[in-house]
Amino acid sequence: MVPDRRGPDVTTENVDRRYLRMPHSERGMVVGLFGGSFNPPHQGHALVAEIAIKRLGLDQLWWMVTPGNPLKSRNQLAALAERIAESERVARDPRIKVTAFEQTFGVSYTANTLARVKARNPHVHFIWIMGADSLQTFHKWQKWQEIARTFPIAVIDRPGATLSFLSSKMARTFDFARVDEDDARVLWKKRAPAWTFIHGPRSGLSSTAIRNGSSHSDAE
């Protein structure tokens, strides 16, 4: 989930239309937003989703398969339909809703996507979910401070990122808004900016390593 993810090489060919619509949610629900290219999705992603659901008390988690990541090469980017299908296979919890609705929004930035989500679901409590490994580059995302001020953020621990998150620009900029991990289940009640760092089981699986024929590397 980074700036300008759309591109001419991303199509909706073979994508069921239900994945191109925003998932349904009910008034008062607590919903996690977990986005990524998922190229490919793996059990490390599923573990992050599982921890988020449990520790944040989520009613749903939207597994948002993005068109792509402009900070990374698209040469090895699998088709959107393929990444959706593989995400469905990995994300088995019925509370997880695999979706690619961003593809139909016609906006370039995550901040704009979140603004639309908020406008369309004013009575739903959203939490933005990200792996700790993403914190090091979060400040490079377009309107990253606006993202932090839209919804509370839950940062889930990832291998090799436990200590490095402390030096990230996001953590330093919003240090005043950090919520104790013990209060993670009430994070949804906090007015953004508000964020917490959640420790827990970690998986060393990496999409990059999987594509390269290995199994462990830097998280993706």
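Residues numbered from 1 in each chain as written. Predicted model: local features only at pLDDT ≥ 70, side-chain atom pairs only at ≥ 80, totals over all residues. Heavy atoms only, no water.

- Labelled according to an unreviewed UniProt entry, the protein appears under the name Probable nicotinate-nucleotide adenylyltransferase, originating from Rhizobium ruizarguesonis.
- Per UniProt, the comment on the protein under Catalytic activity (unreviewed entry) is "nicotinate beta-D-ribonucleotide + ATP + H(+) = deamido-NAD(+) + diphosphate". (UniProt positions renumbered as here; feature names shortened; annotations may be inferred.)

Focus: the overall build of the protein
Point 1. Scanning the protein from N- to C-terminus turns up seven helices and six strands.
Point 2. When the helices and strands of the protein are listed from N to C terminus, the series reads β-α-β-α-β-α-β-α-α-β-α-β-α.
Point 3. Looking at the 220 residues of the protein, the share that counts as buried comes to 51%.
Point 4. Of the contacts made within the protein by residues no fewer than 6 positions apart, 78% connect residues no fewer than 24 positions apart.
Point 5. Within the structure as shown, the protein displays about 10400 Å² of accessible surface, and the carbon and sulfur contribution to it stands at 45%. (Helix = DSSP H or I, 4+ residues; strand = E, 2+ residues; numbered from the N terminus. Buried < 20%, exposed > 50% of the residue type's maximum accessible area, 1.4 Å probe, protein only. Contact = heavy atoms within 4.5 Å. Areas by Shrake-Rupley, 256 points an atom, 1.4 Å probe, with all protein chains shown as cover.)

A closer look at the nonpolar core
Point 1. Ranked by internal contacts, the top residues of the largest apolar core, which has 34 residues, are L56, L58, L61, W63 and I129.
Point 2. Where this core is concerned, the elements lending two or more residues are β1 (30-36), α1 (43-56), β2 (60-65), α2 (80-90), β3 (96-99), β4 (125-131) and β5 (153-156).
Point 3. Ranked by residues supplied to this core, first place goes to α1 with eight residues.
Point 4. The contact partners of L58, leaving out residues within four places of it in the chain, are V30, V31, G32, A52, I53, R95, I127 and I129. (Core = buried A, V, L, I, M, F, W, Y, C linked by side-chain atoms within 4.5 Å.)

Focus: the confidence of the model for the protein
When pLDDT drops low, the exact placement of atoms in the prediction is not to be read closely.
Point 1. Summing up the model confidence of the protein, the mean pLDDT is 84 and the portion of residues at 70 or higher is 80%.
Point 2. By mean pLDDT, the top-scoring element of the protein is β3 (98), and the lowest-scoring one is helix α7 (residues 207-211) (42).
Point 3. Confidence over residues 215-220 falls short of pLDDT 50; this stretch has 23 contacts with residues more than four positions distant or in other chains. (pLDDT = per-residue confidence, 0-100.)

Comments concerning α1
Point 1. Spanning 14 residues, α1 covers 19 Å between terminal C-alpha atoms, matching the ideal 20 Å at 1.5 Å per step.
Point 2. Among the residues of α1, G44, H45, A46, L47, V48, A49, I51, A52, I53 and L56 are the ones counted as buried.
Point 3. Immediately beyond the C-terminal end of α1, within one or two residues, lies G57, with a positive phi of roughly 65°. (Expected span 1.5 Å × (residues − 1).)

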